[in-house]
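Here is what each chain is made of, one letter per residue.
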Amino acid sequence: MRPRLIAILAYLAAVLAIGVSVWWIALGAALGQLVERGHSDLRLASDRLVSELQSYRELAVLLAGHPSLVPLVTGGSGDTQDVQRMMLGVADMTGSLEILLLNRDGAVVAQSHGFSNPEPRNLSDTAYFKRATQAALGSMHWQFGDERQRAFTFAAPVFGMDRKPVGAVAVSVDLEQIESSWRAAPQVVFFTDEAGVVFISNRAEMLYRSRVPLEDLASRRSFPGDYDPSELRTFYEFDIGNRGGFEVWQQEASVYLPSRSLHVTQSLPLMNMVGEVLVDTSEAEQLALFQALVAGAIGLIFGAFMLFFAERRRGFLQRLSVEAQANARLEARVAERTAALQQAQQDLVQAGKLSALGQMSAGISHELNQPLMAIRSYAENAEELLRRGKEDVAGENLGRISDLARRMGRIIKNLRAFARQETEPLGRVELGHVIDAVIDLAGTRLREEHVAVSLDLPDGPVYVHGGEVRLQQVLVNLVSNALDAMEGREGKTLAISVVAGETVDVSVRDNGPGLSDPEKIFDPFYTTKEVGKSEGMGLGLSISYGIVQSFGGEIRGRNHPDGGAVVTVQLTPAAAMKDAA
Ligand code: ADP
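Please read these numbers as outputs of a predicted model, since none were measured by experiment. Throughout, a residue's number is its position along its own chain's written sequence, starting from 1. Local features in a predicted model are, by the rule used here, given only for residues with pLDDT of at least 70; side-chain atom pairs are given and counted only at 80 or more, and totals for whole chains, interfaces and linings are based on all residues. Each side-chain value is derived from all of the structure's non-hydrogen atoms; neither hydrogens nor water enter the calculation.

## Some thoughts on the overall build of the protein chain
- Across its full length, the protein chain holds twelve helices and 18 strands.
- We call a residue buried when its accessible area falls under 20% of the maximum for its residue type, exposed when it is over 50%, and partly exposed in between, using a 1.4 Å probe and counting protein chains only. A buried classification covers 40% of the 581 residues belonging to the protein chain.
- Considering only residue pairs separated by 6 or more positions, the protein chain has 60% of its internal contacts joining residues 24 or more positions apart.
- Counting every atom, the protein chain has about 32,400 Å² of accessible surface; 56% of that belongs to carbon and sulfur. Helix numbering and strand numbering both begin at the N terminus, where a helix is a DSSP run of H or I of at least 4 residues and a strand a DSSP run of E of at least 2. In this description, contact between two residues means that some pair of their heavy atoms is separated by no more than 4.5 Å. Only the protein chains shown count as cover for residues, with accessible areas throughout obtained via the Shrake-Rupley method and a probe of 1.4 Å.

The following block contains the structure:
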């Protein structure tokens, strides 16, 4: 749970980081475009202002060269009325605020307006007059009337006969009149003077604003109202690499100005001012934010998909591991049960063998007793013969004794092998040997019950896959079942046949009453024999069934059409086993 939570948080952090970077890059790109727009807007506005003011400047220069002005400023004879009329005409035609003629001392000698009732004025203190007396073009911006009224004045020197300035012509322009023509522009354009105060702007709110503290300016000019210079401050600065940086300004003072805007400047040396423009950044910011949100949303959707698939995979793996655990438990149980079954089977096999031995014990003791008796009588005879000096006959007797002893040895060996409790390995077994041993073991009973035995075996050895002792046990069982079935009958015949082909089939046939229920004979505890008699546990055939199966073979019982039962054991040839292996 915890590492997953950490992974999810890390992913969210990555998405956030991507969103922020996308925002920053997009903002940079959008602001870069805005900067260019701002520059071109500002250039346009500046060009317009400069070209309009330029015409007044040229007007001042042109008027200063008028020949009828010199006599007036030099105190010579001239028609002041005439000059003033001319000045009024020019001012009206050019839309000038006022045209003045100043003499060498800065006193007004002629004026375009208010000449009917002139007040004596001296403008020798003005910057433009001082420049004009130095034979240069002067200019000045100033305020008059109510606080919104501003003027820009150009002064051109009037030269006397000696090419020295003798006075000046000052042409003033009402700036509000010029501004009014570009009020509708979407950008906030303004021009600040050398003191850093906004003097011209297409937004009234911007006028007289300054980033310079008021006190420093107070000595220079009186300002309308009071305002806080910090209202107009840099909000953030943005570096756009090789294109340089730019500033974004923020203000809350006016609803008519964008709250955040890009600030672009351009200096206008002709007017001794700096043109500035504020371009609203809200659109660019929204666009950047939108792009960042889209990037973030894509990241989140992608993350959700990943989480969904990871969850599904986890569920799947969990299910798999649960299934694997269940399987493992089941397999362990099966193995346990198989082991228990194998143990039970082994116990049964052993019990079956011992019970077979018990059944055969009478026959076995007879089997051993007979040669023993014969040995005894041969030995007594030999003694007698030796006494009589018939050594050759005695020698024959000794030879018979040794034959009989060998036969007894064989019987005992068979019995030992049969009774031994061990799980012999499966391997190659010669069927002829096994059948011989079975007939040996059952020999006494066969003879006593006068059973005719017919053997039908192929020439030469037949090898099958199995265990010798267990196969012997199966066949002993079949033979004794056959003998049981034929009990009390005439002409008992036991036929054992082997057919070797793809499989090796060993059949044991009798001429008894046959199987009353062939389907059931291999069921454990199925018996038709009386309980209590030494025989009849109903286990013989079911044990045999298990043994033959463990060889990879089959055992079947059926009734022969000519009467009697046939039980067939089908085995795998040992050669075929080798091929298969
Ligand atoms: P048991 O011999 O102890 O009864 P088996 O499993 O060897 O147990 O045999 C089960 C039953 O199969 C026998 O009781 C008998 O009814 C039947 N059976 C087996 N072999 C023969 C046979 N050759 N002829 C007739 N019935 C047989």
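## A look at the pattern of salt bridges
- For this analysis, a salt bridge means a side-chain nitrogen from Lys or Arg found within 4 Å of a carboxyl oxygen belonging to Asp or Glu. Throughout the structure, instances matching the rule amount to 16 salt bridges.
- Of the charged contacts, one joins Glu-179 and Arg-150 as a salt bridge, the two residues approaching to 2.7 Å between their closest N and O atoms. Of this pair, Glu-179 sits in helix H5 (residues 175-180) while Arg-150 sits in strand S4 (residues 150-159), and the two are 29 residues apart along the sequence.
- Judged by relative accessible area, which is 1%, Glu-179 ranks as buried.
- Arg-150 gets classed as buried once you look at its relative accessible area, which sits at 1%.
- Between Arg-445 and Glu-487 there is a salt bridge whose closest N-O contact spans 3.8 Å.

## What about a nonpolar patch on the surface?
- A cluster of nonpolar side chains, contributed by Leu-5, Ile-8, Leu-9, Leu-12, Leu-300 and Leu-307, occupies part of the molecular surface with about 500 Å² of accessible area.
- Here the nonpolar patch takes four residues from helix H1 (residues 2-64), the largest share from any one element.
- Summarising the element assignment, Ile-8 is placed in helix H1.
- For Ile-8, a relative accessible area of 30% puts it in the partly exposed group. Patch membership requires over 30% relative accessible area and the absence of a salt bridge. Like charges are linked within 9 Å, and nonpolar side chains (Val, Leu, Ile, Met, Phe, Trp, Tyr) within 5 Å.

## Looking at the site of the ligand
- The environment of the ligand is made up of 18 residues, and the closest members are Asp-510, Thr-527, Thr-528, Lys-529 and Leu-541.
- For the purposes of these results, a polar contact is taken to be a pair of N or O atoms within 3.5 Å, where, inside protein, one atom must be able to donate a hydrogen and its partner to accept one; residues adjacent in sequence count only when each atom of the pair is a side-chain atom. In this structure, Thr-527 approaches the ligand through a side-chain N or O atom, which is 2.6 Å from an oxygen atom.
- For the ligand, an oxygen atom lies 2.6 Å from a polar atom in the side chain of Lys-529.
- In the complex, 93% of the free accessible area of the ligand, which totals 530 Å², lies under the protein chains.
- With three residues, the top contributor of residues to the shell around the ligand is helix H10 (residues 468-486).
- For the shell around the ligand, a count of residues per class yields nine nonpolar, seven polar and two charged. By convention in these notes, a residue is near a molecule or strand provided one of its non-hydrogen atoms lies within 4 Å of it. Gly is put with the polar residues, along with every residue not named as nonpolar or charged; the nonpolar set is Ala, Val, Leu, Ile, Met, Phe, Trp, Tyr, Cys and Pro, and the charged set is Asp, Glu, Lys and Arg.

## With respect to the environment of Gly-196
- Tracing the chain through its elements places Gly-196 in the loop between strand S6 (188-192) and strand S7 (198-201).
- You can call Gly-196 partly exposed: its relative accessible area is 25%.

## Here we look at helix H3 (residues 80-94)
- The terminal C-alpha atoms of H3 lie 21 Å apart, and with 15 residues this matches the ideal 21 Å at 1.5 Å per residue to within 8%.
- Looking at H3, one finds that the buried residues are Val-83, Gln-84, Met-87, Val-90 and Ala-91. The arc that holds every buried residue of H3, seen down its axis, measures 125 degrees, which confines them to one face. Seen from the buried face of H3, the exposed residues on the opposite side, beyond 90 degrees, are Asp-92 and Met-93.
- Packed against the buried residues of H3 are H1, helix H2 (70-73), strand S1 (98-103) and strand S2 (108-111).
- Positive phi shows up at Gly-95, right after H3, with a value of about 70 degrees. One less than the number of residues in a helix, times 1.5 Å, gives the span that helix is expected to have. The directions considered for the arc are those from the helix axis to the C-beta atoms.

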